[in-house]
Amino acid sequence: MSKAILVVGGGFAGITSAIEAAELGHEVYLVEKLPWLGGRVAQLNKYFPKLCPPSCGLEIQFQRIRKNPAIKCLTMAELVGFSGVAGNYTATIRLNPRHTAPHNVDFSLLASTLEGLAPSEFELGLTTRKALYKAMPFAWPARWVLDPETLTPADAARVGANKFLNLQEQPSEIELNVASVIVATGWRPYAMSNLVNLGAGQIRNCISNMQMERLASAFGPTGGQIRRPSDGRVPMSVAFAQCAGSRDQNHLNYCSYICCMATFKQCLYLAEQSPETRITVYYIDLRAPGRYVNVLEKVQALPNVRFIKGKVAQALQTDGDRVVFVAEDETSGRKEAREYDLGVLATGMQPSLACGNLPLPMPLDEDGFVAGGRKAGIYAAGCAVMPLDVSRSAQSGTAAALKAAQTANGR
């Protein structure tokens, strides 16, 4: 019987699960498919409840991981095989090549000389990245990644001459013997390309709420200054469309819980940067759970923010790259089309498992969340279970760690 615990997913819930399980005395394997830990929280400008930058909370967690030898972090890794019974599972992990040396070499000078560019996944397509890159200043592990597909012939010659880079590195697989598994695979923003009536992501100055977080981030593509993607101009009018694809039988048939709070937070970003910018929020209902009602009241008190009860039915682009939102104002009963410099779609949280199952005996509901009837020894945490904010994700990670530890202890 093994006493090790496997955690699949290196976002906030997965990190919390791994740390809590290790501090209970168990060996932990933390598997993350991306090059760095942090998940969606790492992409935010600020997060609740304290509205602090992600580096604040994540760096504390990274230090706890670094100081605990019981935690083995496997980044750029995927669970591809699974068998056994509770207390004695065998997990097959595929390790994808990073092509960089295992120690923390600073490649910033070499990266600046490379010519090849690719859309930045971390910046959600708002800018490009080089073939040799590190997504964020506080990335952990603090190792760069080389993407051979983005290299030009000239780039390949420069890279090939560096002894700390290895273009020949190949994927490999390892097997782990574990007692229990925690699934903390997180969520992804619902794809704007699915929202045909709202421009399907093709309107130049109509962005998602997660893209707004990147524009507001100090280490984002605009250095923290919220600008229109088309021309870099400060938007003097901004509109938010709530429930973009959520609470809709054709898309996400549920409320994503955090979208309203994300919009209130982003209204504060705009008000702080440009108090003269006019802000409009189109909504069905406003959700501010518990103490967060104070944030809603603060936003409602701002003189430049207007709330319109009505769901945006259509988004269009005009000459000058302005955005038109068409919606019915339920208060007046009038259907109106209004123009804005920038539109923001509050897209919902879709579980990552909805876009590709893990090789685990774990049932999913119709929306892709982990459902009941799970096999013994396999537990879910965070937004793999339901839409949650960061603090509740951390709580669910702790709960999953306690259950996994009980299985590992033969209880």
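In case you missed it, the structure is sitting above this.
This section reports on the structure supplied with the text. (Residues numbered from 1 in each chain as written. Predicted model: local features only at pLDDT ≥ 70, side-chain atom pairs only at ≥ 80, totals over all residues. Heavy atoms only, no water.)

**Quick word on the packing of helix H6 (residues 259-273) against helix H7 (residues 293-300)**
In step 1: In the contact formed by H6 and H7, the axes pass within 10 Å of each other and the chain directions differ by 45°. It follows from the interaxial angle that H6 and H7 lie oblique. The interaxial crossing formed by H6 with H7 has left-handed handedness. Between H6 and H7, the residues in contact are Met 261, Phe 264, Cys 267 and Leu 268 and Val 295, Leu 296, Lys 298 and Val 299, respectively.
In step 2: Here the contact of H6 with H7 is composed, by residue class, of seven nonpolar, no polar and one charged. (Axes fitted to C-alpha atoms, helices over the stretch in contact; angles between N-to-C directions. Helix = DSSP H or I, 4+ residues; strand = E, 2+ residues; numbered from the N terminus. Parallel < 35°, antiparallel > 145°, perpendicular 65-115°, else oblique. Left-handed = near helix turned anticlockwise from the far one by under 90°. Contact = heavy atoms within 4.5 Å. Nonpolar A, V, L, I, M, F, W, Y, C, P; charged D, E, K, R; others polar.)

**Side note on the side chain of Ser 120**
In step 1: Along the chain, Ser 120 turns up in the loop between strand E6 (117-119) and strand E7 (128-130).
In step 2: Classification of Ser 120 by relative accessible area gives buried; the value is 8%.
In step 3: A polar atom in the side chain of Ser 120 sits 3.1 Å from the backbone nitrogen of Glu 123.
In step 4: If we skip the residues at most four places from it in the chain, Ser 120 touches Gly 125, Thr 127, Thr 128 and Arg 129. (Buried < 20%, exposed > 50% of the residue type's maximum accessible area, 1.4 Å probe, protein only. Polar contact = N/O pair within 3.5 Å; in protein donor to acceptor, adjacent residues only side chain to side chain.)

**Concerning the pattern of salt bridges**
In step 1: If you walk through the whole model with that rule in mind, you get 18 salt bridges.
In step 2: Notably, a salt bridge pairs Glu 123 with Arg 214, separated by 2.8 Å at the nearest N-O pair. With Glu 123 in the loop between E6 and E7 and Arg 214 in helix H5 (residues 209-216), the pair connects residues that are 91 residues apart, well separated along the chain.
In step 3: Look at Glu 123 and you get buried, because its relative accessible area is 6%.
In step 4: Three or more residues are tied together by salt bridges with common partners; here these are Arg 228, Asp 231, Arg 233, Arg 322, Glu 339 and Asp 341. (Salt bridge = Lys/Arg side-chain N within 4 Å of Asp/Glu carboxyl O.)

**A closer look at the packing of aromatic side chains**
In step 1: For the structure on display, the rule yields 14 aromatic pairs.
In step 2: Taking the centre distance of 6.3 Å and the plane angle of 55° together, the rings of Phe 12 and Tyr 47 count as tilted. Of this pair, Phe 12 sits in helix H1 (residues 12-23) while Tyr 47 is found in the loop between strand E2 (28-32) and helix H2 (54-66), placing the two residues 35 residues apart along the sequence. For the pair Phe 12 and Tyr 47, one class covers both residues: buried.
In step 3: The interplanar angle of 25° and the centroid separation of 5.9 Å between the aromatic rings of Phe 62 and Trp 140 together place this pair among those described as stacked. With a gap of 78 residues between them, Phe 62 in helix H2 and Trp 140 in the loop between strand E8 (132-133) and strand E9 (145-146) connect regions that are remote in the sequence. For the pair Phe 62 and Trp 140, a shared accessibility class is recorded, and that class is buried.
In step 4: Among the aromatic residues, those joined into a ring-pair cluster are Phe 122, Phe 138 and Phe 219. (Phe/Tyr/Trp six-rings, centres within 6.5 Å; stacked < 30°, edge-to-face > 60°.)

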